[in-house]
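# Structural overview
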Amino acid sequence: LPAAEQPQWDDGLIDTLQAVRTSVPWPLALTTHYRELQDAALVARIRDAGVQEVVAMAYIANVDAAATRLAPLLEAVSTAPVGLRIAIAQSIEPTLGADESHHRAGRRAARLRWAQLAQRLQAAPAFAGIVVQSWEHFSRTKE
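Residues numbered from 1 in each chain as written. Predicted model: local features only at pLDDT ≥ 70, side-chain atom pairs only at ≥ 80, totals over all residues. Heavy atoms only, no water.

### Overview of the overall build of the chain
Along the backbone of the chain there are five helices and four strands. In the chain, the order of α-helices and β-strands from amino to carboxyl end is α-β-α-β-α-β-α-β-α. For 143 residues, the compact-globule formula gives about 15 Å, and the C-alpha radius of gyration of the chain, at 16 Å, lands near that figure. Counting only C-alpha atoms and orienting by the principal axes, one finds that the chain spans roughly 45 × 35 × 30 Å. Counting only residues that meet the buried cut, the chain has 38% of its 143 residues in that class. In the form shown here, the chain has an accessible surface area of approximately 8000 Å², with 54% of it arising from carbon and sulfur atoms. Once the 14 positive and 15 negative side-chain charges of the chain are each reduced to a mean point, those two points are 11 Å apart. (Helix = DSSP H or I, 4+ residues; strand = E, 2+ residues; numbered from the N terminus. Rg over C-alpha atoms; globule rule 2.2 N^0.38 Å. Buried < 20%, exposed > 50% of the residue type's maximum accessible area, 1.4 Å probe, protein only. Areas by Shrake-Rupley, 256 points an atom, 1.4 Å probe, with all protein chains shown as cover. Lys, Arg positive; Asp, Glu negative; His and termini not counted. Charge placed at Lys NZ, Arg CZ, Asp CG, Glu CD.)

Written as structure tokens, this is what we have:
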């Protein structure tokens, strides 16, 4: 968003989630950047708006770096009384660099890295697993 509109993001997001929640009876999930989880008040508002799971986009291909950034966020969500589940989205897009995407490493290496990351994050009760941001890109990536 342009800088002038960024202060409106949180309220606009919550208004949208509440409108969706009143319109559909299905479980509600939100995909967003992992930095959104740094704001405990926003995380609570997201849950209060009816979201049960957040898919946090964390395009960090290095397992150690990803675990270092994500573990504290998952721990904070796990210990807060918000009750959200957090899945971590990882990229395998060919257009992103090797520090963000697992594409250049190949499917086998990507699966190994994702398993390692999941193992590092599994202690947090809010952790709901690793998801791939694109099945299409995954299926087209070399083994």
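There's plenty left to go through after this.
### Quick word on the sheet that holds strand β1 (residues 28-33)
Taken in spatial order, the four strands of this open sheet run β1-β2-β3-β4, and their pairing is parallel. Each edge of the sheet is formed by a strand with only one pairing partner; in this case those strands are β1 and β4 (127-132). Put simply, the sheet's adjacent strands are angled 25° from each other on average, direction ignored. When β1 meets strand β2 (residues 51-57), the two strands line up parallel, connected through six bridges. Across the sheet, the residue bridging to Leu-30 is Val-54, located in β2. Helix α4 (residues 107-121) contacts β3 (85-90) and β4 of the sheet and is inclined by roughly 165° relative to β4. (Pairing = 2+ DSSP bridges. Axes fitted to C-alpha atoms, helices over the stretch in contact; angles between N-to-C directions. Contact = heavy atoms within 4.5 Å.)

### Some remarks on the pairing of β3
Counting buried positions over the six residues of β3 gives five, a clear majority of the element. Sheet topology note: the β2/β3 ladder contains five bridges and is parallel. What sits directly across from Glu-53, in β3, is Arg-85.

### Things to note about the pattern of salt bridges
One pass over the full model with this rule turns up six salt bridges. Of the charged contacts, one joins Arg-140 and Glu-136 as a salt bridge, the two residues approaching to 3.1 Å between their closest N and O atoms. On the criterion of helical spacing, the pair formed by Arg-140 and Glu-136 is a turn pair, its members being four residues apart in helix α5 (residues 135-140). A relative accessible area of 62% means that Arg-140 is categorised as exposed. In this structure Glu-136 comes out as partly exposed when scored by relative accessible area, which is 44%. When salt bridges that share partners are traced, they join Arg-107, Arg-108, Arg-111 and Glu-143 into one network. (Salt bridge = Lys/Arg side-chain N within 4 Å of Asp/Glu carboxyl O.)

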